[in-house]
Amino acid sequence: MGVAEPIGHPGRAALSRALCDLEARAGCGTTASVTSPRRGTARSRAQAIDEANVACAQAKLPLLTTSTVGDWFRKGRAPSDFERLWHLIKVLLKWSGTAAGEAQRDLWKQRWELARDDNAAKPLSPKPLTPVHESTAEPNLSPPTTPPVWGFPLTEVDPIGHLEVHPAIEVSISRTHATPSSPLPKYVPRQRDHELRNRVMAAQARSQLVVLVADSSTGKTRSLWEAVQELPDSWHLWRPADRAGLLIGLSEQRSMAHTVVWLNELQRYLLPHNQPDQDGQAAAALSALLNDPRRGPVLVVGTLWHQHHTVLVHDPADVSVPDPHQQARSLLRNATIIWPDAFTPREMTGLQDAAKSDERLHEVLECGSSRVTQYLAGARDLVRRYEEAPPEAKAVLDVAIDSRRFGVGSDLPTEFLRAAAGAYLDPDHWTAQTNIWRTNWFERALGYTSQPCKGIPGPLTQVPPLPTVIADHDNTPFRLADYLLQHAERIRRYQMPPAGFWEAAAAHLRGDDLNALAHAAAIRLRWRMADRLYRAAGSWSAHLSLALIHRRIGNRDECNRLLEQAAGSEHAPTLRRLAELFRLDRDYVKADQMLLRAADAGDTEAFLDLGQLRLDYGDEVGAHEAYEHAAEAGEPVALLRLAWLYEKSGDLRASEELLYRAAGAGITEALMDLARRQEQLGADESAIRLYKRAADAGNIDALYPLAWHRVAVGDIEGAEHLFLRAARSGNNEAFMFLGELREEVEDYAGAWRAYREAADAGNFRAIMLFISTNDWEVAHRGLQRIAQEQGAEGLKQLADIMERSDMEEGDVIEVLRLSADAGSPQALRHLIAKLDDGQHAESIENACQQAARNGNPEALRRSARLCRQGGDLEGAAEILRRASDSGDDTAHWDLIELYERVKDPSNVEWAYQRLINSTTNDQLAFRRKIAARFSPEVRKWGLTVDGALEEPWWDLSVERKPFDQ
């Protein structure tokens, strides 16, 4: 067979590559990656053409031929009409276990348009794939020397148009009479910029992930943009549109050397529609990219709001349910920088210098606010526009806010906004208006919400279409300003959207948006509405979620029927979720069957899960077989697991061969295992070579044995260099090792410099060292770093360690006080217990008052208890309401208990409704507690949208809208 000629047209090359990759994932013909005896009848391109021709005939389109389709695959020659191509793609998507939704259609249409474009850019230079090492020779892990053509050159990127950097406000009166030369104000470096730039520049040597965590309009995106501009001009920037685009792009492009992967609002990829990243695919794909030295160096940058960061990094509260964020937690470890929301006094001094040549910065100084970036982004004006909005505009904005806070995506369809907003209008106000007003109310509302605020976009604006898309202004979706969403989420926390909102959603929203709203309805006990929305969504994931709802409310017949249908699916993610459910129920046979079906549907990672499952129930032979299939399917982690199994059985030679293969596939842990084995055999030089390869491939842990080896041979300078390299890669414990090393050679000044750097980076041991020496200036810097990165609980953890280390009680109390001020209820309770000896009543009250001012709910609850003890029940209720409004559901339970004690049924009902409406995804314990306090009728039938007991409705489920196959 001859070698195919390179395709000179970049669009056609991309289409050809994408089609061939999809065909491989669909398991067609010789491109199938696994030859498993469990797989069904082999599929072929001819069968796909036959199936697609059925749809073409129904649509009265010309039928496909083998030669025509062959040109699409070999040469990327796109047909003149997209629909015929799409019918074939839908067949292949179905076979690969991927839903052929709107996002997929849009993505393939863009590829088709690029392939049809005769004015394409210069031809691509194809690059041969590097074969995986099959021998036991040590792998070559050198990164590629020639970067691929991927994304846009950094010099051609528009930060506002391409990257969502907020434009700055326009000033009303100019003092200099000079028009700013840039829509962005002059950048004022901040304290954390130095760390950000160091980590960005480190990506030139090895792949890096950097994520800035802060609330909206705090300058995260602008700071990232300023940092990446320091990279050489040869670097490119790629911004995938959404999670699907990210996954497809990473699977298509093997090498991404010298590319910035821009993931602004990282929750769009790891928490799409506020739902867990399905099976952790996005997080796993990014981890694989970062850990494979042959694909880099690459820089992945992103931003996260605090609330989303908390969801992703916290361990699950309930170990009895699947952990949806395990992959994301691993990905984000040591990758985040907490970005401050206000300028420090020193940074404000730098702002004064910059304001001399920028009127916008001068206006910020005049307003006297340290929240500089928020002011420049027009946050204050956005809130004012919302608060002063006329009724029709307020209705549209509230629809947008409720949609987003309940998990709907950022792009809101026009017809949905129109249909839902009518339910938010006051009927009396509507009746009092003229016919002309009633005819144009929606257009008038959009005119208000779209009006710019001082030159920045308004509260709700149309999404600008892509250059290749012909704009349809009647159907162009709208997007809510992030800062307004964050502000209004707190205000509307306890609001339940009216019935018209849900009706409009069922009629006008699709796919993931309906799944998100159905989930929001379910956790608020609106079972019937959740049932309707999941059925309207029609996907297999909705199918499974609906089955779990019916199991929860006791409708076992419907639950079993839905589970049986889901088990007959060929949708791999659904089958893997079913396997996890059966595993939790200890039904290992069914779990095994579901994972086999998922693997047959094209999900090769299911083989890895299958291997672990079989190990869990003691079937090592079956686990071995599953991992072999995974390895054949191209999952390099399986090689590592097979190596461990061979080692356990005593076959060290086979284990070592597999470790070398895994290392050749980019698994650095395999190199670490090989190095440790060489150490055990006394082959130190061979071990050092392997550790060095692992370190060069990005494994930070390999730096430590290399450093201690340099110490052993007397190369102190070399050891220092390695410890510094580890420290600059994010492991602040390396600074402590460096300090201890310098102490050994009596370089005490250098040792204390290292200890200070460790403390500044938030290292617990270093901070305790400076506290013990009463150097509180350095200690407070470290404590501030812990508060920024780990929050109040990080400070509480440090206080506990200090107490166990028998440090001075006064020092422990000081750290507990800082933790309580930062919002830790546990720290405040611990602090009160330490001070509550009859001699510190004033200190306790001061601590509570300060904590309450800083939003600590425990302080407010304590104040409420004091009011109750003094007989001031009304005052206690008012304080508990304040704590509840700040987001403390425990205080809300205290409020319910108070109302029940004074026998106030109307307020008890009111308090229950508020609590139900505010329940969020991660409050599983509260959901169970709420359900337990309700009557069996409520737990069985649920509530109406308005909060009343729902009528019996199970028999209505016989409507049973069929789910997508």
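To be clear, the structure that these remarks concern was listed above.
Note that this is a predicted model, so its numbers are computed, not measured. (Residues numbered from 1 in each chain as written. Predicted model: local features only at pLDDT ≥ 70, side-chain atom pairs only at ≥ 80, totals over all residues. Heavy atoms only, no water.)

*Asks:* Please set out the overall build of the protein residue by residue, giving values where relevant.
*Replies:* A count of helices and strands for the protein gives 50 helices and eight strands. Buried positions account for 51% of the 965 residues belonging to the protein. The long-range share in the protein, meaning contacts at least 24 apart out of those at least 6 apart in sequence, stands at 63%. (Helix = DSSP H or I, 4+ residues; strand = E, 2+ residues; numbered from the N terminus. Buried < 20%, exposed > 50% of the residue type's maximum accessible area, 1.4 Å probe, protein only. Contact = heavy atoms within 4.5 Å.)

*Asks:* Account for empty space enclosed by the protein, naming residues and giving values.
*Replies:* This model, assessed by the stated rule, comprises two cavities of 30 Å³ or more. Taken as a whole, the largest cavity holds about 40 Å³ of empty space. By residue class, the composition of the lining of the largest cavity is three nonpolar, three polar and two charged. (1 Å grid on protein atoms, 1.4 Å probe; cavity = no way out; pocket = protein on both sides within 12 Å on 5 of 7 lines; lining within 4 Å. Points joined across faces, edges and corners; volume = space filled by probe spheres on them. Nonpolar A, V, L, I, M, F, W, Y, C, P; charged D, E, K, R; others polar.)

*Asks:* I'd like a description of the nonpolar core, backed by residues and values.
*Replies:* By size, the foremost hydrophobic cluster in this structure holds 182 residues, and its most contacted members are Leu 460, Trp 502, Leu 517 and Leu 798. If sequence neighbours within four positions are ignored, Leu 517 has contacts with Phe 406, Val 408, Phe 501, Trp 502, Ala 505, Leu 509 and Leu 533. Grouped together as the second largest cluster of nonpolar side chains are 29 residues, Leu 270, Leu 286, Leu 312 and Ile 338 included. (Core = buried A, V, L, I, M, F, W, Y, C linked by side-chain atoms within 4.5 Å.)

*Asks:* Give me the lowdown on the side chain of Gln 678, citing residues and values where you can.
*Replies:* By the secondary structure assignment, Gln 678 is in helix H34 (residues 668-680). Aside from chain neighbours lying at most four places away, what touches Gln 678 is Ala 683, Ser 686, Ala 687 and Leu 690.

*Asks:* Residues and numbers for the pairing of strand E5 (residues 298-304), please.
*Replies:* Summarising burial for E5: seven of the seven residues are buried, a large majority. Neither face of E5 is exposed, since Val 298, Val 300, Gly 302 and Leu 304 on one face and Leu 299, Val 301 and Thr 303 on the opposite face are all buried. In this sheet, E5 lies alongside strand E2 (residues 208-213) in parallel orientation, the contact comprising six bridges. Along E5, the bridge assignment pairs Val 211 with Gly 302. Here strand E4 (residues 259-263) runs beside E5; their pairing, made up of five bridges, is parallel. Bridging from a neighbouring strand, Thr 259 pairs with Val 298 of E5. (Pairing = 2+ DSSP bridges.)

*Asks:* How would you sum up the sheet that holds E5? Please name residues and give values.
*Replies:* Here six strands make up an open sheet; going across it, the order is E1-E3-E4-E5-E2-E6 and the pairing mixed. Edge positions in the sheet fall to strand E1 (152-153) and strand E6 (336-338), since each has one partner strand and no second. Sheet strands touched by helix H7 (residues 193-201): E2, E5 and E6. Its angle to E2, the strand with the most contacts, is close to 155°. Set on the sheet, helix H12 (residues 306-313) makes contact with E2, E5 and E6; between it and E5 the angle comes to about 115°. (Axes fitted to C-alpha atoms, helices over the stretch in contact; angles between N-to-C directions.)

*Asks:* Describe in detail the environment of Arg 404, supporting the description with residues and values.
*Replies:* Within the element layout of this structure, Arg 404 appears in helix H18 (residues 391-405). Along the primary structure Arg 404 and Leu 480 are separated by 76 residues, whereas in three dimensions their C-alpha atoms are 8.4 Å apart.

*Asks:* Tell me about helix H37 (residues 716-728), residues and numbers included.
*Replies:* Between its first and last C-alpha, H37 extends 18 Å over 13 residues, near the 18 Å set by a 1.5 Å rise per residue. Those residues of H37 lying buried are Gly 718, Ala 719, Glu 720, Leu 722, Phe 723, Ala 726 and Ala 727. Summarising the contacts, the buried residues of H37 are in contact with helix H36 (703-712) and helix H38 (733-744). (Expected span 1.5 Å × (residues − 1).)

*Asks:* How would you sum up the packing of aromatic side chains? Please name residues and give values.
*Replies:* Counting across every chain of the model gives 17 aromatic pairs. Relative to Tyr 617, the ring of Tyr 588 has its centre 5.5 Å away and its plane inclined at 35°; by these criteria the two rings are tilted. In this pair, Tyr 588 is assigned in helix H29 (residues 588-600) and Tyr 617 in the loop between helix H30 (605-616) and helix H31 (620-632), connecting sequence segments 29 residues apart. On the basis of relative accessible area, Tyr 617 is assigned to the partly exposed category, the value being 31%. In this structure an aromatic cluster arises from ring pairing among Phe 406, Phe 416, Phe 501 and Trp 502. One residue, Arg 45, lies across the ring of Phe 73, its end atom 4.0 Å from the ring centre. If you follow Lys 394 out to its NZ or CZ, it ends over the ring of Tyr 386, 4.9 Å from the centre. (Phe/Tyr/Trp six-rings, centres within 6.5 Å; stacked < 30°, edge-to-face > 60°. Lys NZ or Arg CZ within 6 Å of the ring centre and 35° of its normal.)

*Asks:* Tell me about the packing of H38 against helix H39 (residues 748-760), and name the residues and values.
*Replies:* Across the interface, H38 lies against H39 with an axial gap of 8 Å and an inter-helix angle of 170°. In this view, H38 runs roughly antiparallel relative to H39, as classed from their interaxial angle. On the side of H38, the interface is formed by Phe 735, Met 736, Leu 738, Gly 739, Glu 740, Arg 742 and Glu 743, while H39 contributes Tyr 748, Gly 750, Ala 751, Ala 754, Tyr 755, Glu 757 and Ala 758. When the residues that make up the contact of H38 with H39 are grouped by side-chain class, the tally is eight nonpolar, two polar and four charged. (Parallel < 35°, antiparallel > 145°, perpendicular 65-115°, else oblique.)

*Asks:* Quick rundown of the side chain of Arg 526? Include the residues and the values.
*Replies:* Position of Arg 526 among the secondary structure elements: in the loop between helix H24 (511-522) and helix H25 (527-537). Summary of buried charges: Arg 526 has no salt-bridge partner, and the nearest side chain of opposite charge, Asp 946, is 7.1 Å away. Those residues in contact with Arg 526 that lie beyond four places of it in its chain are Met 496, Ala 521, Gln 913, Ile 916, Asn 917, Leu 943, Thr 944, Val 945, Asp 946 and Gly 947. (Lys, Arg positive; Asp, Glu negative; His and termini not counted. Salt bridge = Lys/Arg side-chain N within 4 Å of Asp/Glu carboxyl O.)

*Asks:* Break down the packing of H18 against helix H21 (residues 435-450) for me, with residues and values.
*Replies:* Relative orientation of the contacting elements H18 and H21 amounts to 65°, with a least axis distance of 8 Å. Considering how the two elements wind past one another, H18 and H21 form a crossing that is right-handed. Taking contact as the criterion, the partners of Glu 392, Ala 393, Val 396 and Leu 397 in H18 are, on H21, Trp 437, Trp 441, Phe 442, Arg 444, Ala 445, Leu 446, Tyr 448 and Thr 449. By residue class, the composition of the contact of H18 with H21 is nine nonpolar, one polar and two charged. (Left-handed = near helix turned anticlockwise from the far one by under 90°.)

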